[in-house]
Amino acid sequence: MTDVKDRLDTPAPPSEPPSLGLVGWLRWSWRQLTSMRTALVLLFLLALGAVPGSLIPQIPVDPIKVSDFYEANPSLAEWYDKFGLFDVYKSVWFSAIYLLLFISLIGCVVPRLGVYLKALRARPPKPPRNLNRLPGHQRFETDASEAEVLAAATKELRKRRFRTESYDGAVGAERGYLREAGNLLFHFSLILTLIGIAWGSLFGYRGTVLVVVGNGFSNSVAQYDDFTPGRAFTPDDLPPFSLTVNSFKATFETEGPQRGAARSFDAGITYQVSPESPEKSYDLQVNHPLSVDGTQVHLLGHGYAPKVTVRDGQGQIAFSGPAPFLPQDANFSSFGVIKAPDARPAQLGFEGFFLPTAVIDQRGPISVFPDALNPALVMTAYYGRPSAEEGKPQSVYQLDKTKLTQFDDGKGDKLRFQLAPGQSITLPDGRGSISFDSYEQWVKLQVSHTPGLNLALAGILLAILGLMGSLFIHPRRTWVRVRTEDGRTVVEVAGLDRGPERGLGDEIDAISTVLKPSRSVKKAEQA
Amino acid sequence: MNSATLASVSNLLVPTATVIYALALLAHTVEWSSGLRVAKPAEKKVLVAADGSEISEPEDVAVSLRSEAASRIGVLLTVLAFAMHAGGVLTRGLAAGRVPWGNMYEFAITASLAVGAVYLFLLKRQRLQWLGLGVTFVLAATLGIAVLALYVPAADLLPALHSYWLVIHVSAAAIAGGGFTVGGLASILYLIKSRAERREADGKPMSAALRRVPTAAAMDGVAYKVHAFAFPLWTFGVLVAGPIWAYYAWGRAWGWDPKEVWSLVTWVVYAAYLHARATAGWRGRRAAWVAIGGWVVFLFNFIGVNLLLSGFHAYSGL
Ligand code: HEM
């Protein structure tokens, strides 16, 4: 049998390179690359290559873990870094595997498409000489004429959705052409998906921003805390929307073993598609992103921002407002700093924790519940000589303590204080005071645009469709041959399945039953 | 019924189902062991039983009848246990007022329900009794571990899990997983049977227990069919529904989270399995090994990743 599958199934390409010079060598390499065996090996390599990325911390997933790893094992980390193991999925070797796989894929399916198109037009083949060697072979006699039997056979086979072809004294039939179409669709759709993914990573972008409730955000690169553009992205691609976060509410499980587990997050926002357009409101929740102008806004996280007022030694307000603190654990013990570089005569800095539900245990003050039931601010304070603005960007979550001195409490210990909302403390030596006025919440928003996503999705859906065709359609060939012996018509029916046999015998039986002498004859025989 | 009653009904049904699965496992063990005792030289003359399996004449007949009875009892017990298991999962879901896969305990009872469902669904169509031993082992073990080690009381879900895409994603993955499990077990038995067939061809005797079960070729066919059913479902579950849900919940469709990585690895290994079946020199035993490898990777993804690797796919309560 020569059909598409067999052609491709046939012997693996010769494994010895030919001595035919460059062209021969190139052709040999190409054939090696596009063979099933190579595809199999590359699939295994892809599976194997994906694994380290789940075991070793990855820069795009968790950069902090990567730097922790560097600190813990500096020499190993260097080796890992050499092999791109901290960013496996963008590493040269991982890319090489999947690029080879996709070249192999294209090299494999494009020629197959040609073969398939030809096979589509091909007629069902002639019956082989010895039908009785085929599975499900049946032979019987009838009084109907050869022509009658062949006509009835053709009709029956067509009814069973076979494509038929008449030969001299025989009918050839074939069914299941769509299997190969499904297989091709599957492999081509994988290419489509890859194009979609590549498109998204070239032209898309993703940024995150932390917005304290009551504040706004307008979409420009400078406003983001963190921004990852695709290679082909330009800032003009950012749609000019803006939004304001008006409220945020989180609820938590209050009893049982899951006490403290989050139950809902809900941010009330208003937004404008562009400065001129009307304001609309939206209820932003997890699993319920806002879509503006082709851009998605997701609610990624939340936290607390204590509102404090810092007065300096001269009684002037040196800092006032909410300062976002970053949650460190499931009960939202949040770490943060407050900087008052303009305080005089000494500049001031504070560092410590916001505890939404504070209790004191042996280790000191901790938070025991994520909701703000008993908020407290636990801090320590620093002072230093006023320093000129250096213009160097500094993290708002870290205090540069190199030029600062920690206050002490006059008894030889470092100064530490705990404040409830409304309380304040005066710093030693008339250097100023800090008051904890109240607290606000903040939300972390992600703004992203991934243009190829729909293409990738369509690709996978088509791939599944093709896959089902390729897995569930079973090509079958069937032949009916007639011959006249001693005045009676001898009919032979036989078939052949490609791939695992599925009920071939039953179908040959059924076809034979239709062609066999009619029931009245049988009854006569029985009588 | 209020949710506390439902929860206690569930807490009654699931352990009972575990015990009955264990009894079914016992019955299937008897089925196999009574056949193993008589390892006679292969006989030329064979009878064909109603279900197409071969029975040699005549000494084996008594043993074979005993095996047959044990097998039937095993299947009956499995059906009974499955009904209680399904009831247990259902009441658990009703008690929590949501889909029953919010934590490892629920996940274990639901995923094993999928294994039982795939097995029982194929039992009649594919004459799958010969897989009873493996399937009841997996079910009894999974439920046993769930009840003894993973149990947490019913509670509500984390906000990220409130999405119907999650329902689609997890049910597709769990049913595909049921298929992979049945397919993996069939591949294991295929390897055992095909080894016995090769040895028999060399004149070594085949045990009666192995003679009772279908030919290696038939097992291979079943393994392929189950994988062919599970693979598209897995593709849909982890490469369509999963990313769509992740996109809504976390703002990215794919983030190389350990669970995502291992789902992809599982997918690639099964793609390799389907390729192996079409590659000269890889059909048959090597392809079966690839299928078993796929199952191991799948199991690691379902269990190991949750316990060993941190990531977004952490379940509340464990
Ligand atoms: C990302 C890479 C690939 C994936 C995920 C993949 C997946 C699959 C799957 C799932 C099947 C099963 C369909 C069936 O049984 O009919 C299949 C079949 C097939 N694949 Fe691939 N494939 C990939 C790459 C390739 C490459 C590179 C080649 C060429 C060398 C190739 C050639 C084939 C052929 C010829 C079949 C049909 C086998 C048959 O007729 O039974 N595939 N592929």
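Here the structure is a predicted model, which is why all the values come from computation and not from measurement.

Engineer: Give me the site of the ligand: which residues, what numbers.
Structural biologist: Around the ligand, 26 residues are found, and the nearest of them are Cys 108, Arg 112, His 187 and Ser 470 of chain A together with His 275 of chain B. The residues that come close to the ligand belong to more than one chain, namely chains A and B. Within the side chain of His 275 of chain B, a nitrogen or oxygen atom sits 2.3 Å from a nitrogen atom of the ligand. Element by element, the count of residues in the shell around the ligand is highest for helix 7 (residues 92–121) of chain A, at six residues.

Engineer: Before we move on, can you summarise the packing of helix 3 (residues 104–126) of chain B against helix 4 (residues 132–150) of chain B with the specific residues and values?
Structural biologist: All names here are of chain B. It is the contact of helix 3 with helix 4, at a shortest axis distance of 9 Å, that shows an interaxial angle of 165 degrees. By the angle between their axes, helix 3 is roughly antiparallel relative to helix 4. For helix 3 against helix 4, the interelement crossing comes out left-handed. Along the contact surface, helix 3 presents Met 104, Tyr 105, Ala 108, Ile 109, Ser 112, Val 115, Gly 116 and Tyr 119, while helix 4 presents Gly 132, Val 135, Leu 139, Thr 142, Leu 143, Ala 146, Val 147 and Leu 150. Residue composition of the contact of helix 3 with helix 4, grouped by class: 12 nonpolar, four polar and no charged.

Engineer: Describe the pattern of salt bridges, listing the residues and the values that go with them.
Structural biologist: A complete count under the given rule lists 23 salt bridges over all chains for this structure. For Arg 72 of chain B, the salt bridge identified is with Glu 68 of chain B, shortest N-O distance 3.8 Å. With Arg 72 of chain B and Glu 68 of chain B both in helix 2 (residues 60–96) and four residues apart, the pair spans about one turn of that helix. Here Glu 106 of chain B and Arg 92 of chain B are joined by a salt bridge, their closest N and O atoms 2.8 Å apart. In this pair, Glu 106 of chain B is assigned in helix 3 and Arg 92 of chain B in helix 2, connecting sequence segments 14 residues apart. A single burial state applies to Glu 106 of chain B and to Arg 92 of chain B, both of which are buried. Each of Glu 156, Lys 159, Arg 160, Arg 175, Arg 476, Asp 497 and Glu 507 of chain A takes part in salt bridges that share partners, so that together they form one network.

Engineer: Any details on the sheet that holds strand 9 (residues 280–284) of chain A? Residues and values, ideally.
Structural biologist: Residues and elements named next belong to chain A. Spatial ordering of the open sheet is given by 5-7-8-9, a layout of four strands whose pairing is antiparallel. The sheet terminates laterally at strand 5 (216–218) and strand 9, the two strands that pair on one side only. Each neighbouring strand pair of the sheet contributes to a mean axis angle of 25 degrees, computed without reference to strand direction. Alignment of strand 8 (residues 262–272) against strand 9, held across five bridges, turns out to be antiparallel. The residue of strand 9 that forms the bridge with Tyr 271 is Lys 280.

Engineer: Go over the coordination of the iron atom of the ligand, please, and point to the residues and values.
Structural biologist: Each protein donor to the iron atom of the ligand is listed here as His 187 of chain A (NE2) and His 275 of chain B (NE2); together their distances run 1.9 Å. Around the iron atom of the ligand, the six donor atoms sit at angles spanning 74 to 179 degrees, and that spread fits a shape best called octahedral. Residue His 187 of chain A is found in helix 9 (residues 178–203), and its partner His 275 of chain B is found in helix 8 (residues 258–276); the two belong to separate chains.

Engineer: Explain the UniProt feature "transmembrane region" (unreviewed entry) in chain A to me, using residue names and the numbers behind them.
Structural biologist: Residue and element names in this part refer to chain A. Under the local residue numbering, the UniProt record ascribes the feature "transmembrane region" (unreviewed entry) to residues 39–59, 92–117, 184–205 and 453–473. End C-alpha atoms of residues 92–117 are separated by 37 Å, and the span's content is 100% helix alongside 0% strand. The straight-line gap between the two end C-alpha atoms of residues 184–205 is 33 Å; of that span, 91% is helix and 5% is strand.

Engineer: I'd love a proper account of the interface of chain B and chain A, names of residues and values included.
Structural biologist: Opposite the 54 residues of chain B that make contact, chain A presents 49 residues. Scanning the region where chain B abuts chain A turns up zero salt bridges. Scanning the region where chain B abuts chain A turns up three residue pairs in polar contact (both at pLDDT 80 or more). Looking at the side of chain B that touches chain A, the elements with two or more residues in it are helix 7 (216–250) and helix 8 of chain B. It is helix 7 of chain B that contributes the most residues to the side of chain B that touches chain A, 16 residues altogether. Considered class by class, the residues forming the side of chain B that touches chain A number 39 nonpolar, 11 polar and four charged.

Engineer: Which residues make up the packing of aromatic side chains, and what values go with them?
Structural biologist: Residues and elements named next belong to chain A. The final tally for this structure, using the stated rule, is 41 aromatic pairs over all chains. Summarising the aromatic geometry, the rings of Phe 69 and Phe 86 are spaced 5.6 Å apart at their centres and angled 70 degrees between planes, so their arrangement reads as edge-to-face. Of the two residues, Phe 69 sits in helix 5 (residues 63–72) while Phe 86 sits in the loop between helix 6 (74–82) and helix 7, which places them 17 residues apart along the sequence. Comparing Phe 69 with Phe 86 shows no difference in burial state: the two are buried. With 5.9 Å between their ring centres and 70 degrees between their planes, Phe 94 and Tyr 98 make a pair best called edge-to-face. Pair noted here: Phe 94 and Tyr 98 are both in helix 7, with a separation of four residues, about one helical turn. By way of ring pairs, the aromatic residues Phe 252, Tyr 304, Phe 332, Phe 354, Phe 369, Phe 436 and Tyr 439 are connected into one cluster.

Engineer: Which residues make up the environment of Thr 235 of chain B, and what are the values?
Structural biologist: Topologically, Thr 235 of chain B is positioned in helix 7. For Thr 235 of chain B, the contacting residues outside a window of four places in its chain are Ile 460, Ile 464 and Leu 467 of chain A together with Val 240 and Trp 267 of chain B.

Engineer: So what's going on with the UniProt feature "transmembrane region" (unreviewed entry) in chain B? Which residues, and what values?
Structural biologist: All names here are of chain B. Using the residue numbers shown here, the UniProt feature "transmembrane region" (unreviewed entry) corresponds to residues 12–30, 73–95, 107–123, 130–152, 164–192, 229–248, 260–276 and 288–309. Summarising residues 73–95: 100% helix, 0% strand, and an end-to-end C-alpha distance of 33 Å. Structurally, residues 164–192 is divided into 100% helix and 0% strand, and its ends, taken at the C-alpha atoms, are 42 Å apart.

Engineer: Run through helix 2 (residues 21–33) of chain A, naming residues and quoting values.
Structural biologist: Residue and element names in this part refer to chain A. For helix 2, which comprises 13 residues, the first-to-last C-alpha distance of 18 Å matches the rise-based estimate of 18 Å (1.5 Å per residue) to within 8%. Within helix 2, the full set of buried residues consists of Gly 24, Trp 28 and Leu 33. Considering only its buried residues, helix 2 is in contact with helix 3 (36–50) and helix 7.

Engineer: Which residues make up the packing of helix 10 (residues 453–472) of chain A against helix 7 of chain B, and what are the values?
Structural biologist: Two elements in contact, helix 10 of chain A and helix 7 of chain B, have axes separated by 10 Å at closest approach and are oriented at 170 degrees. For the element pair helix 10 of chain A / helix 7 of chain B, the angle class is roughly antiparallel. Touching Leu 453, Leu 457, Ile 460, Leu 461, Ile 464, Leu 467, Met 468, Leu 471 and Phe 472 of chain A of helix 10 of chain A are Tyr 224, Ala 228, Phe 229, Phe 231, Pro 232, Thr 235, Phe 236, Leu 239, Val 240, Ile 244 and Tyr 247 of chain B, all from helix 7 of chain B. Across the contact of helix 10 of chain A with helix 7 of chain B, the residue classes break down as 19 nonpolar, one polar and no charged.

Engineer: Quick one: what's the story with the domain arrangement of chain A, residue by residue and with numbers?
Structural biologist: Many structure descriptions define interface size as the accessible area lost when the parts assemble. Segmentation of chain A into domains returns domain 1 (21–117), domain 2 (125–175 + 474–526), domain 3 (201–302 + 446–465) and domain 4 (304–387 + 395–441). Computed from C-alpha coordinates alone, the two centres of domain 1 of chain A and domain 2 of chain A are separated by 52 Å.

Engineer: So, the nonpolar core: which residues are in play, and what are the values?
Structural biologist: Counting 128 residues, the largest nonpolar core has Tyr 119, Leu 128, Trp 130, Leu 131, Trp 234, Val 265 and Trp 267 of chain B as its most contacted members. Top element by residues in this core is helix 7 of chain B. It accounts for 19 residues. Per-domain counts for this core show at least three residues from each of domain 1 (21–117) and domain 3 (201–302 + 446–465) of chain A. Contact partners of Leu 128 of chain B, with chain neighbours within four places excluded, come to Tyr 119, Leu 122, Leu 123, Val 182 and Val 222 of chain B. If you look at the next biggest cluster of nonpolar residues, it comprises 30 residues, including Val 211, Tyr 224, Ala 267 and Val 443 of chain A.

Engineer: Just give me the short version of the side chain of Ser 112 of chain B, but keep the residues and values in it.
Structural biologist: Residue and element names in this part refer to chain B. Tracing the sequence through the fold places Ser 112 in helix 3. With relative accessibility at 3%, the residue Ser 112 sits in the buried group. Look past the residues within four positions of Ser 112 in its chain and what remains in contact with it is His 85, Leu 139, Thr 142 and Leu 143.

Here is what the cut-offs are and how they apply
Residues numbered from 1 in each chain as written. Chains lettered and ligands numbered in written order. Predicted model: local features only at pLDDT ≥ 70, side-chain atom pairs only at ≥ 80, totals over all residues. Heavy atoms only, no water. Near = heavy atom within 4 Å. Polar contact = N/O pair within 3.5 Å; in protein donor to acceptor, adjacent residues only side chain to side chain. Helix = DSSP H or I, 4+ residues; strand = E, 2+ residues; numbered from the N terminus. Axes fitted to C-alpha atoms, helices over the stretch in contact; angles between N-to-C directions. Parallel < 35°, antiparallel > 145°, perpendicular 65-115°, else oblique. Left-handed = near helix turned anticlockwise from the far one by under 90°. Contact = heavy atoms within 4.5 Å. Nonpolar A, V, L, I, M, F, W, Y, C, P; charged D, E, K, R; others polar. Salt bridge = Lys/Arg side-chain N within 4 Å of Asp/Glu carboxyl O. Buried < 20%, exposed > 50% of the residue type's maximum accessible area, 1.4 Å probe, protein only. Pairing = 2+ DSSP bridges. Donors = N, O, S within 2.8 Å, 3.2 Å for Na, K, Ca; no water. Tetrahedral: all angles 85-135°; square planar, octahedral: opposite > 155°, others 65-115°. UniProt positions renumbered as here; feature names shortened; annotations may be inferred. Phe/Tyr/Trp six-rings, centres within 6.5 Å; stacked < 30°, edge-to-face > 60°. Expected span 1.5 Å × (residues − 1). Domains from an automatic or database assignment. Core = buried A, V, L, I, M, F, W, Y, C linked by side-chain atoms within 4.5 Å.

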